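These are the residues of each chain, in order.
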Amino acid sequence: MKNYFKALIATVTLAFAPAADASGGMGMTWRKSNHASGVDEVGCLDCDAYFGDTACTARLPVLCIKQDGSPRPASLPGPYYAGWAGGNIATTLPVAGNFLMSLAHANETCVQFFGPGWRMASFHDAGGWGFNAYGNVRTDTRFWVYIWDQPANCWNP
């Protein structure tokens, strides 16, 4: 019940936040491609990591991660094709991308939903283009992910 109220407060807070104004109004999104033995594989999958692929007015979950140094499962193939993010992932309730005004704001959204140590997942969390982590996130939607070296975030000018 406590997590329900934290999520409700986070959602209400986001509803009253001023909108960001991204160049071109597009942000990068990923989706889940696989789940096995408690591990999700998430990645770009038809995304645009350079300019964004989804209108910032779209309401999608934020992909959050808590990198706690979890050891790589022995069942995962070699590190080059299945990067291990060393932690757990989860998604928030859907939010409009233009309400994610900065990386700090997006990270705070993850903290509000899941607690200390959680932050918005990054394109580069395990090398790039995708990674594996413990979790079981939704398969029915894309989710917001940030990239630090390209203007593909809804908060980019």
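Keep in mind that what you see is a predicted model, and the values were worked out from it rather than measured.

Enquirer: Would you explain the overall build of the chain in this entry?
Expert: Within the chain, the secondary structure is distributed over two helices and eleven strands. Written out in order from the N terminus, the α and β elements of the chain read α-β-β-β-β-β-β-β-β-α-β-β-β. For the chain, with 157 residues in total, the buried portion stands at 48%. Sequence separation of 24 or more characterises 77% of the internal contacts of the chain that already satisfy a separation of 6 or more. Split by element, the accessible area of the chain, about 7700 Å² in all, is 59% carbon and sulfur.

Enquirer: Hey, could you run me through the pairing of strand β2 (residues 29–36) in this one?
Expert: In summary, the side chains of a regular strand alternate between the two faces of the sheet. Two strands pair when backbone bridges link them, and β2 and strand β11 (residues 143–144) are joined in this way by two bridges, in the antiparallel orientation. Within the sheet, the bridge partner assigned to tryptophan 30 lies in β11 and is phenylalanine 143. Across five bridges, β2 lies against strand β3 (residues 39–43) in antiparallel orientation. Bridge pairing in β3 links arginine 31 to glycine 43.

Enquirer: Explain the packing of aromatic side chains to me, please; I cannot follow it from the model alone.
Expert: In this description, a pair of aromatic rings is defined by centroid distance and the angle of the planes. Evaluation of the coordinates by the stated rule reveals eight aromatic pairs. These aromatic residues form a ring-pair network of at least three members: Trp30, Tyr50, Phe123, Trp129 and Phe131.

Parameters and conventions
- Residues numbered from 1 in each chain as written.
- Predicted model: local features only at pLDDT ≥ 70, side-chain atom pairs only at ≥ 80, totals over all residues.
- Heavy atoms only, no water.
- Helix = DSSP H or I, 4+ residues; strand = E, 2+ residues; numbered from the N terminus.
- Buried < 20%, exposed > 50% of the residue type's maximum accessible area, 1.4 Å probe, protein only.
- Contact = heavy atoms within 4.5 Å.
- Areas by Shrake-Rupley, 256 points an atom, 1.4 Å probe, with all protein chains shown as cover.
- Pairing = 2+ DSSP bridges.
- Phe/Tyr/Trp six-rings, centres within 6.5 Å; stacked < 30°, edge-to-face > 60°.

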